[in-house]
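# Examining the three-dimensional arrangement
The chain contents come next:
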Amino acid sequence: RYGRYLTHHDIDLGGPLLAGKEIRIVDCGDVAMTPGDLAGNSARTTAAIRAIRARGAVPIVLGGDHSIPIPVMRAYEDIGSMAVVQVDAHLDYRDEVNGVREGLSSSIRRAAELPWVDAIAQVGIRGVGSARATDVAAAMANGNVIIPARDVHRDGIAAALDAIPAAAHYYITFDMDGVDLSIAPGVTSTAFGGLDYWQATDLLQGLAARGQIVGFDMVEIVPRLDVRGLTSNLAARLILNLIGAMARSGQLG
C-alpha cells in the first residue's frame, strides 16, 4: 500500500517518508518455531535478533502475542543500558500465569529483570487486565512510569514524553490494544479509550527525536478479528512513521 509512495510528499511527515535518504528495509523472514518447544523457540528468537543487530540493523519485530519481546530484549546484553517504552492497555507485569513465566502477561516483568533495562515507561494503560493489585505495586516499586490513557487524553503527548525517563537508547514494545478500538479493532483484548493515531504517531516521533531507537516490536494483532484491514494498515503506517522519524533524526541513512 505504501511502497509506491515512498518518494511522494507525505503531509504527516512534511516530506517524503524516508526524507530522501537511501534506507534499506529488509524482510528477514520468520523465526522457525516448534510447537511446545518454548525454550527452543525463545533461544532461536534471541539468536535471530543478535544476528540482525550484528549487521548494524535496527530490528523491527512483528508478533505474535506479547510474549515475543521477552527473547527479543535478551539480545541487547551489549547495549549498556536502555529504556523500555511500552504502549499497551495492560501492565503485563504478572510474574507467572498458570506456571508460565514467559507468557504475554509477563513481558514487562521479565524486561525489568534484565540488567541493561534501567527504566520502563508504560503508556496507554487502562481498563481491566490480568494485573492484580500486587502486580501494580511491584511495577511502581520498580520505578516504572505508568501513564494511563486517560492522562494522555487530558494532558497530551508532550506531557507523556516529559514523564518518560531520558535515555540514550529506547526499545519500544507496542501492543496494538494500546490504541483505540475505533482504529484498531483486530485485537483480542478490547479496552475502550486508547490512544488515537496522532497520539501514537507523536509518541513514536517524540522518542526518535530524543534518543536512539534500538528496537521495536508490534504485537497482538489478530487478522481474523480485523475490519477492512484497518489494524494491519495502522500497524504498517505507525512503523513507517517511526522509520521516517528515525531518518529525520539522523539515526538512519
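Residues numbered from 1 in each chain as written. Predicted model: local features only at pLDDT ≥ 70, side-chain atom pairs only at ≥ 80, totals over all residues. Heavy atoms only, no water.

## A look at the pattern of salt bridges
- A complete count under the given rule lists 14 salt bridges for this structure.
- Here R110 ties to D95 by a salt bridge, and the two come within 2.7 Å at their closest N and O atoms. Placement of the pair is R110 in helix α3 (residues 107–112) and D95 in the loop between β2 (82–87) and α3, with a sequence separation of 15 residues.
- Of the residues examined, D95 reaches a relative accessible area of 30% and is grouped as partly exposed.
- Three or more residues are tied together by salt bridges with common partners; here these are D95, R101, R110 and E113. (Salt bridge = Lys/Arg side-chain N within 4 Å of Asp/Glu carboxyl O. Helix = DSSP H or I, 4+ residues; strand = E, 2+ residues; numbered from the N terminus. Buried < 20%, exposed > 50% of the residue type's maximum accessible area, 1.4 Å probe, protein only.)

## Details of the nonpolar core
- Counting 46 residues, the largest nonpolar core has I164, F174, M176 and L207 as its most contacted members.
- Those elements that provide at least two residues to this core are β2, β3 (117–125), α6 (157–163), β5 (169–175), α7 (197–210), β6 (212–219) and α8 (230–248).
- A total of 10 residues in this core trace back to one element, the largest contributor, which is α8.
- When neighbours within four sequence positions are excluded, I164 is seen to be in contact with V85, A121, V123, I147, Y170, L203, L207 and R210. (Core = buried A, V, L, I, M, F, W, Y, C linked by side-chain atoms within 4.5 Å. Contact = heavy atoms within 4.5 Å.)

## Regarding the layout of surface pockets
- In this structure, the largest pocket encloses a volume near 1,400 Å³.
- V26, D27, C28, P59 and I60 are, among the 35 residues lining the largest pocket, the residues nearest its centre.
- Listing elements by their share of the lining of the largest pocket, those giving two or more residues are α1 (38–54), β1 (60–62) and α8.
- Per-element tally for the lining of the largest pocket: the top contributor is α8, with 7 residues.
- Its residues assigned to classes, the lining of the largest pocket comprises 24 nonpolar, 7 polar and 4 charged.
- Its boundaries defined by the atoms lining it, the second largest pocket holds a volume of some 300 Å³. (1 Å grid on protein atoms, 1.4 Å probe; cavity = no way out; pocket = protein on both sides within 12 Å on 5 of 7 lines; lining within 4 Å. Points joined across faces, edges and corners; volume = space filled by probe spheres on them. Nonpolar A, V, L, I, M, F, W, Y, C, P; charged D, E, K, R; others polar.)

## Thoughts on the pairing of strand β4 (residues 145–148)
- Note: β3 against β4, 4 bridges, orientation parallel. Considered in β4, the bridge of A121 is made with V145.
- For the segment spanning β3, helix α4 (residues 133–141) and β4, crossover handedness is right-handed. (Pairing = 2+ DSSP bridges. Right-handed = clockwise from strand over helix to strand, strands pointing away.)

## A look at the packing of aromatic side chains
- Taken as a whole and assessed by the stated rule, the structure comprises 3 aromatic pairs.
- With a centroid separation of 6.3 Å and an interplanar angle of 45°, the aromatic rings of F174 and F216 are classed as tilted. With a gap of 42 residues between them, F174 in strand β5 and F216 in strand β6 connect regions that are remote in the sequence. Accessibility assignment for this pair places F174 and F216 in one class, buried.
- Centre to centre, the rings of Y197 and W198 are 4.9 Å apart; their planes meet at 70°, and the pair counts as edge-to-face.
- Y197 sits in the buried class, given a relative accessible area of 17%.
- Judged by relative accessible area, which is 45%, W198 ranks as partly exposed. (Phe/Tyr/Trp six-rings, centres within 6.5 Å; stacked < 30°, edge-to-face > 60°.)

## Considerations on the packing of α7 against α8
- Between α7 and α8, whose axes approach to 8 Å, the crossing angle comes to 30°. Viewed along their axes, α7 and α8 adopt a mutual orientation that is roughly parallel. For the pair α7 and α8, the sense of crossing is right-handed. Counting all contacts with α7, which are made through Y197, A200, T201, L204, Q205 and A208, the residues of α8 involved are L234, R237, L238, N241, L242, A245 and M246.
- Grouping the amino acids of the contact of α7 with α8 by side-chain chemistry returns 9 nonpolar, 3 polar and 1 charged. (Axes fitted to C-alpha atoms, helices over the stretch in contact; angles between N-to-C directions. Parallel < 35°, antiparallel > 145°, perpendicular 65-115°, else oblique. Left-handed = near helix turned anticlockwise from the far one by under 90°.)

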